[in-house]
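The residues making up each chain are set out below.
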Amino acid sequence: MSFQRWCLLFGTVVYFTAAWFGVGYSAEDEFQQVILVAEHLRGNVDAASLPLDIHAQWRSMVQPVICAAVFEACATIGITDPFLLTLLLRLLTAALAIRVTHGFVRAVLPSIAPPHQRAFILLSWFLWFLPVLQVRFSGEAWSGLLFLRGITMLLQEGRRKHLAIGAWFGAAVLFRPAVALLPFGALLWMVLAQRASRSAVVSVMGGGIAVVLCGAVIDGLAYGTPVFTLWNYALAGVTGEEAWRFTVLPWYQYPLFIIKYAVPPIGLLMLGAFVALLLWKPKHLLLWIILPFLLVHSILPIKEIRFLFPLAPLVPWLLISAWELISERWPRIAKSWITGTSLGLVGALNCVALVVAVMTPAGNGRIALAEEIHQQYGDQPVHIAIDGDWRFWVPAFFLAPGSTSAFKEQPLEFPATDGRPQLIITRKSIAAKAGLKPLATSTPAWTHVFFRWYGLEDGYDPLIVHEARINGE
């Protein structure tokens, strides 16, 4: 079996492992804008519980409709466990990621010099953050994967189907409107760098517009009224209508995010690779794709690391393309033992980060705590006191019917009210000071030291769930 097929096999294992352990969600939108809306479409959640974005008709309903369809199909065969339902969503995303990644590797590989091809294959499957990000049933993950499929077809010489390329680009925009900047960059490259024919460019645009219009039809049916959510979303972004919900950050915040959250050595290599292409290969397709996206996102006052997630699948190509340039310009430095040792250490760091990231729940692990509660108490209703802010909150979707949650100013002691188990979610350090033994911890104990290093100045204090003291006992 070829090296590429071995990587496909092990990559499949890694992705499905990440899906299995990745309980919960990394960002609120993965639940609030998708699962919660899907439950509303199924008649299980009132409209009053939906987020502002849905009431303002800013969000496409395509992804919630897919989610609702998956849940309904499961319900017909008796699957209603919320943790199993969300696992199926992650497995579905993982399957898409494996298929798209395999095709992308095959499309890019001929353009890479043979000495660097294995490194590209390894990075494409095992760069530590890719399996973790690309199993999420989120707009960021799906838009990035659908766009990558379009780019794959664009790179396949002699097999270009421009309408299909545009359709994949349009689908990516439906899942996350801001991703429209990526197809825009690809079209600019086709016109100005590749000198593509007018018919090819028009076909790509036509395919994209057709899919976007199909999405508008789905939105109209789901919202119950004709609506063009992409226009509403763009207008809200330009006018700053939704900016009040976010912290305003400076234009240079994204490089800082990349350095910190990709792990400093790898983040620095990513930034260096981008600069290398900018200086020495300005006509590279990657630059035309990434640069408009980064410029616009840097100008906008709202900045979150998740906004960059659609770019993640392109990082292996970026790193290898820059390394090829460096190897050509400074071959002695590229082959020196210092460079080899440094890259070996970075590779070892990547392996550790991959294992830790794949084996831990998503986000801060609060949904993993809810799963532990479900395993210990089954369908018995419980009451959960939240010792913290909204980031500790467990949605009712993940709790037994009749369960309740509330924020408590002094959650370590409160009386029982109706005989239900009284539980508290708090920080591990707070429970330790009170001498309380947790029922469960949000992340495996062996990962805590790594998360403290990864958190840098933020540190790391995992969440725990424990039974409350009743009447001072």
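Residues numbered from 1 in each chain as written. Predicted model: local features only at pLDDT ≥ 70, side-chain atom pairs only at ≥ 80, totals over all residues. Heavy atoms only, no water.

### With respect to the environment of G43
One can find G43 in the loop between α2 (28-41) and α3 (52-55). On the basis of relative accessible area, G43 is assigned to the exposed category, the value being 61%. (Helix = DSSP H or I, 4+ residues; strand = E, 2+ residues; numbered from the N terminus. Buried < 20%, exposed > 50% of the residue type's maximum accessible area, 1.4 Å probe, protein only.)

### Quick notes on the packing of aromatic side chains
Aromatic ring pairs are described here by two measures, namely the spacing of the ring centres and the angle between the planes. All chains considered together, the criterion is met by 22 aromatic pairs. With centroids separated by 5.8 Å and ring planes inclined at 40 degrees, the aromatic side chains of F31 and F398 adopt a geometry described as tilted. Of this pair, F31 sits in helix α2 while F398 sits in the loop between β1 (383-386) and β2 (404-407), and the two are 367 residues apart along the sequence. The pair formed by F31 and F398 is uniform in burial state, with each residue classed as buried. With a centroid separation of 6.1 Å and 15 degrees between ring planes, the pair formed by F71 and F397 is classed as stacked. In this pair, F71 is assigned in helix α4 (residues 62-76) and F397 in the loop between β1 and β2, connecting sequence segments 326 residues apart. Relative accessible area serves as the criterion here: at 0%, F71 is assigned to the buried category. Among the residues examined, F397 registers a relative accessible area of 18% and is labelled buried. (Phe/Tyr/Trp six-rings, centres within 6.5 Å; stacked < 30°, edge-to-face > 60°.)

### Brief notes about the pattern of salt bridges
Between side chains of opposite charge, a pair can form when the charged atoms approach closely. What the rule picks out here adds up to ten salt bridges. In this structure, R42 engages E72 in a salt bridge whose closest nitrogen and oxygen atoms are separated by 2.7 Å. Here R42, found in the loop between α2 and α3, pairs with E72, found in helix α4; they are 30 residues apart in sequence, far enough to count as distant. You can call E72 partly exposed: its relative accessible area is 38%. The partner of E140 in a salt bridge is R176, and the shortest N-O contact between them spans 3.7 Å. Residue E140 is located in helix α8 (residues 139-155), and its partner R176 is located in the loop between α9 (162-175) and α10 (181-193); the two are separated by 36 residues in the primary sequence. The exposure classification of E140 matches that of R176, with both residues buried. Several salt bridges share partner residues, and in doing so they unite D29, D53, R59, E140, R176, E304 and R306 into one network. (Salt bridge = Lys/Arg side-chain N within 4 Å of Asp/Glu carboxyl O.)

### Observations concerning the nonpolar core
One finds F120, W125, F129, I151, F398 and I425 to be the most contacted residues of the largest nonpolar core, which totals 128 residues. Sorting elements by how many residues they give to this core places helix α5 (residues 82-108) first, with eleven residues. Ignoring sequence-local partners within four residues, the contact set of W125 consists of C7, L8, G11, Y15, I98, T101, H102, V105 and P131. (Core = buried A, V, L, I, M, F, W, Y, C linked by side-chain atoms within 4.5 Å. Contact = heavy atoms within 4.5 Å.)

### Considerations on helix α19 (residues 366-377)
The end-to-end C-alpha separation of α19 is 16 Å, in line with the 16 Å expected for twelve residues at 1.5 Å each. Listed in full, the buried residues belonging to α19 are R366, I367, A368, L369, A370, I373 and Y377. Directly beyond the C-terminal end of α19, a positive phi value near 60 degrees is found at G378. (Expected span 1.5 Å × (residues − 1).)

### Brief notes about the packing of α2 against α4
With their axes 8 Å apart at the nearest point, α2 and α4 run at an angle of 60 degrees to one another. One element, α2, and the other, α4, form an angle in the oblique class. When the axes of α2 and α4 are compared, the crossing they make is right-handed. Between α2, through Q33, V34, I35, V37, A38, E39 and L41, and α4, the contact on the second element is made entirely by Q63, P64, V65, C67, A68 and F71. Looking at the contact of α2 with α4 residue by residue, the class counts come to ten nonpolar, two polar and one charged. (Axes fitted to C-alpha atoms, helices over the stretch in contact; angles between N-to-C directions. Parallel < 35°, antiparallel > 145°, perpendicular 65-115°, else oblique. Left-handed = near helix turned anticlockwise from the far one by under 90°. Nonpolar A, V, L, I, M, F, W, Y, C, P; charged D, E, K, R; others polar.)

### Observations concerning the side chain of D387
Mapped onto the elements of the fold, D387 is located in the loop between β1 and β2. No salt bridge is formed by the buried D387; its nearest oppositely charged neighbour, R427, is found at 8.4 Å. (Lys, Arg positive; Asp, Glu negative; His and termini not counted.)

### Here's the deal with the sheet that holds strand β3 (residues 422-427)
Strand order in the open sheet formed by five strands is β2-β1-β3-β5-β4, with mixed pairing between adjacent strands. The strands lining the two open edges of the sheet, one partner per strand, are β2 and β4 (440-441). With five bridges connecting them, β3 and strand β5 (residues 463-467) associate as antiparallel partners. Directly across from T426, in β5, lies its bridge partner I464. The strands that α19 touches are β1, β3, β4 and β5; relative to β5, the one it contacts most, it runs at about 30 degrees. (Pairing = 2+ DSSP bridges.)

### Re the packing of α8 against α9
Their axes nearest at 8 Å, the elements α8 and α9 cross at an angle of 170 degrees. Our classification of the angle between α8 and α9 gives roughly antiparallel. Residues G139, W142, S143, L146, F147, R149, G150, I151, M153 and L154 of α8 lie in contact with α9, whose contacting residues are A164, I165, W168, F169, A171, A172 and F175. Classifying every residue of the contact of α8 with α9 gives 13 nonpolar, three polar and one charged.

### Some words on the side chain of S143
Tracing the sequence through the fold places S143 in helix α8. Its relative accessible area of 0% is what places S143 among the buried residues. Within the structure, the side chain of S143 is placed 3.1 Å from the backbone oxygen of E140, a separation counted as a polar contact. The contact partners of S143, leaving out residues within four places of it in the chain, are A172, F175, R176, V179 and P310. (Polar contact = N/O pair within 3.5 Å; in protein donor to acceptor, adjacent residues only side chain to side chain.)

### Quick word on the environment of W58
Here W58 lies in the loop between α3 and α4. Separated by 175 residues in the primary sequence, W58 and Y233 have C-alpha atoms spaced 4.6 Å apart.

### Re α9
Over its 14 residues, α9 extends 20 Å from the first C-alpha to the last, a length consistent with the 20 Å expected when each residue adds 1.5 Å. Among all positions in α9, only I165, G166, F169, G170, A171, A172, V173, L174 and F175 are buried. Looking at the buried residues of α9, the elements they touch are α4, α8, α10, α11 (198-223) and α12 (229-239).

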